[in-house]
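Spelled out from the first residue to the last, the chains are:
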Amino acid sequence: MKVVLVGYMGCGKSVVARELAKRMGMKSLELDEIIEKKCQMPLTKIFETKGELYFRTLEHEIFKQLLNEEADGIISTGGGTPCYFNNHEFLQQNGIYSIYLKAPVEVLYQRLKKEKTKRPMIAKIHEEDLKEFIAKHLFERSNYYTKAKFTIAIAAKSPAEIVDELLNLL
Ligand code: S3P
């Protein structure tokens, strides 16, 4: 079984993937981490030195590979993964449980304002503009996220509560 978690930066994909993998006795695979290992540098450096297009191309190739592999796993994507190339089509693929972790703008803003520098897509946005940026960006990306087969509204739920809900769905 393959589970793919999608959603905006800060929605909790990585934490939920790790917790779900533990509870299901499966492997957790984090796309961003795999890219960083392959390039032997952090994401911020990849964006800085090679540019976003390079990152998106690699992200697409590795995402495809993970989905075509035999091995089962819980795949945690990056916030932009479903929004580039034809990546969103894979969310509909047979045998893939794709899940959108849908978070309100306020929750995302509260989390992301503390972690801006680690995230190249928002690193240069001033804090006073960040909430509006997130609202617009999320609106643009929602069409892709909602291609996932299931949506879980995360609101103020803890990772453990989200995982309980996911286990009922799968
Ligand atoms: C991105 C989100 C990041 C990472 C990269 C681009 C995006 O992942 O893939 O910085 O375009 O939203 P997280 O959602 O894990 O922060």
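Being a predicted model, the structure only gives us computed values, none of them experimental.

Asks: Before we go on, may I ask you to explain the overall build of the protein in this structure?
Replies: When helices and strands are counted, the protein shows eight helices and five strands. Tracing the protein from N to C terminus, the helices and strands come up as β-α-β-α-α-α-β-α-β-α-α-β-α. For 170 residues, the compact-globule estimate of 2.2 N^0.38 gives 15 Å, and the C-alpha radius of gyration of the protein, at 15 Å, lies within 12% of that figure. For the protein, the spread of C-alpha atoms along the principal axes amounts to about 40 × 35 × 25 Å. The burial tally for the protein puts 32% of its 170 residues in the buried class.

Asks: Looking at this structure, I do not really get the UniProt feature "binding site: ATP" (unreviewed entry) in the protein. What am I missing?
Replies: Within the UniProt annotation, "binding site: ATP" (unreviewed entry) is assigned to G10, C11, G12, K13, S14, V15 and R119. Along the chain, the position of G10 falls in the loop between β1 (2-6) and α1 (13-24). Residues within four places of G10 in sequence aside, it is in contact with L108, R111 and L112. Here V15 is to be found in helix α1.

Asks: Is there a simple way to think about the site of the ligand in this case?
Replies: In the vicinity of the ligand, the contacting residues are M9, K13, D32, L43, G78, G79, G80, R119, P120 and M121. Per-class residue counts for the shell around the ligand are four nonpolar, three polar and three charged.

Asks: What's the story with the sheet that holds strand β3 (residues 73-76) in this structure? I'm lost.
Replies: Within a sheet, neighbouring strands are paired by backbone hydrogen bonds and run either parallel or antiparallel to one another. Strand order in this open sheet of five strands is β2-β3-β1-β4-β5, and the pairing throughout is parallel. Each of the sheet's edge strands pairs with one partner strand only, and the pair in question is β2 (28-30) and β5 (150-153). Ignoring strand direction, the axes of neighbouring strands in this sheet form an average angle of 25°. Alignment of β1 against β3, held across four bridges, turns out to be parallel. Among the inter-strand pairings, V4 is bridged to a residue of β3, identified as I75. Docked against the sheet, helix α2 (residues 31-39) engages β2 and β3, running at close to 60° with respect to β2.

Asks: Looking at this model, I keep getting lost on the UniProt feature "binding site: substrate" (unreviewed entry) in the protein. Mind explaining?
Replies: Residues given the UniProt feature "binding site: substrate" (unreviewed entry) here are D32, R56, G79 and R141. Judged by the 17 C-beta atoms lying within 10 Å of it, R56 falls in the partly exposed class. Along the chain, the position of G79 falls in the loop between β3 and α5 (87-90). The buried category is assigned to G79, around which 23 C-beta atoms lie within 10 Å. Apart from residues lying up to four places away in sequence, G79 is in contact with G7, Y8 and M9.

Asks: Explain the environment of P120 here, please?
Replies: Its place among the elements puts P120 in the loop between α6 (105-112) and α7 (127-145). Judged by the 17 C-beta atoms lying within 10 Å of it, P120 falls in the partly exposed class. Placed 72 residues apart in sequence, P120 and E48 show a C-alpha to C-alpha distance of 8.4 Å. When sequence neighbours within four positions are dropped, the list of residues in contact with P120 reads L43, T44 and F47.

Asks: I'm lost on the environment of R119 in this one. Help?
Replies: With respect to the element layout, R119 can be found in the loop between α6 and α7. With 79 residues separating them along the chain, R119 and Q40 place their C-alpha atoms 17 Å apart. Apart from residues no more than four positions distant in its own chain, R119 is found in contact with M9 and L112.

Asks: Is there a simple way to explain the nonpolar core in this structure?
Replies: Nonpolar side chains in soluble globular proteins tend to end up buried together. Core analysis: the largest hydrophobic core is formed by 35 residues, its most contacted members being L5, L20, I99 and L101. Secondary structure elements with two or more residues in this core: β1, α1, α2, β3, β4 (96-102), α6, α7 and α8 (159-169).

Parameters and conventions
- Residues numbered from 1 in each chain as written.
- Predicted model: local features only at pLDDT ≥ 70, side-chain atom pairs only at ≥ 80, totals over all residues.
- Helix = DSSP H or I, 4+ residues; strand = E, 2+ residues; numbered from the N terminus.
- Rg over C-alpha atoms; globule rule 2.2 N^0.38 Å.
- Buried ≥ 20, exposed ≤ 12 C-beta atoms within 10 Å, placed from the backbone.
- UniProt positions renumbered as here; feature names shortened; annotations may be inferred.
- Contact = placed C-beta atoms within 7 Å.
- Near = placed C-beta within 6 Å.
- Nonpolar A, V, L, I, M, F, W, Y, C, P; charged D, E, K, R; others polar.
- Pairing = 2+ DSSP bridges.
- Axes fitted to C-alpha atoms, helices over the stretch in contact; angles between N-to-C directions.
- Core = buried A, V, L, I, M, F, W, Y, C linked by C-beta atoms within 7 Å.

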